Amino acid sequence: MTAQKETNANLPAAGISEAERMAKIRELLVGPVIADESARVDEAVRQLNDLVRDQQEVISKLHARIGELEDRQRVDNKRLKLRLLGIVETLLASEDDVDTRLTGHHLLAGELVDDKGHHGS
């Protein structure tokens, strides 16, 4: 028995201490938890990236639609301005100029004929 104690005393500490053993157990238990949490975070980031991509597509479509509306508004404003300038031109023109222009217009010439069949006012 003395020989066995001497043999055990002479052997280097091949095993690990209790603290090291507990640390290893904690590491083994915590590793899967960290991996699970990491997978959840990765999934959340992927979902956020999908949402960002969807929102960017919607924003691009909205920008395109806004551009279309602005173009249409410019055309409508130009058309309205042209009509208003036509009205102003008519108001500034002499009666003879307006009568001549209206008489020459095939749709409006009939409106100038009075009850006696004469042109003019």
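Because the structure is a prediction, the values reported are computed rather than measured.

**Re the overall build of the protein**
Next, step 1: Looking only at helices and strands, one finds three helices and zero strands in the protein.
Next, step 2: The helix and strand sequence of the protein, counted from the amino end, reads α-α-α.
Next, step 3: A buried classification covers 2% of the 121 residues belonging to the protein.
Next, step 4: With an accessible surface of roughly 11,200 Å², the protein has 60% of that area assigned to carbon and sulfur atoms.

**Re the pattern of salt bridges**
Next, step 1: If you walk through the whole model with that rule in mind, you get nine salt bridges.
Next, step 2: Salt-bridge contacts for Arg21 lead to Glu18; the nearest nitrogen and oxygen are separated by 2.7 Å. With Arg21 and Glu18 both in helix α2 (residues 18–92) and three residues apart, this pair spans about one turn of that helix.
Next, step 3: The exposure class assigned to Arg21 is partly exposed, which follows from its relative accessible area of 39%.
Next, step 4: Look at Glu18 and you get partly exposed, because its relative accessible area is 48%.
Next, step 5: In this structure, Glu89 engages Arg101 in a salt bridge whose closest nitrogen and oxygen atoms are separated by 3.7 Å. Here Glu89 is found in helix α2, whereas its partner Arg101 is found in helix α3 (residues 95–104), with 12 residues between them in sequence.
Next, step 6: The class for Glu89 is partly exposed, based on a relative accessible area of 44%.
Next, step 7: For Arg101, a relative accessible area of 49% puts it in the partly exposed group.

**Structural notes on the confidence of the model for the protein**
Next, step 1: Here the protein shows a mean pLDDT of 82. Residues at 70 or above account for 81%.
Next, step 2: Mean pLDDT in the protein bottoms out at helix α1 (residues 2–10), which sits at 50, and peaks at α2, which reaches 91.

**Looking at a nonpolar patch on the surface**
Next, step 1: A surface patch of nonpolar side chains, amounting to about 450 Å² of accessible area, comprises Met22, Ile25, Leu29, Val30 and Ile34.
Next, step 2: Residue position: Ile34 is located in helix α2.

What counts as what
- Residues numbered from 1 in each chain as written.
- Predicted model: local features only at pLDDT ≥ 70, side-chain atom pairs only at ≥ 80, totals over all residues.
- Heavy atoms only, no water.
- Helix = DSSP H or I, 4+ residues; strand = E, 2+ residues; numbered from the N terminus.
- Buried < 20%, exposed > 50% of the residue type's maximum accessible area, 1.4 Å probe, protein only.
- Areas by Shrake-Rupley, 256 points an atom, 1.4 Å probe, with all protein chains shown as cover.
- Salt bridge = Lys/Arg side-chain N within 4 Å of Asp/Glu carboxyl O.
- pLDDT = per-residue confidence, 0-100.
- Patch = residues over 30% accessible without salt bridge, like charges linked within 9 Å, V, L, I, M, F, W, Y side chains within 5 Å.

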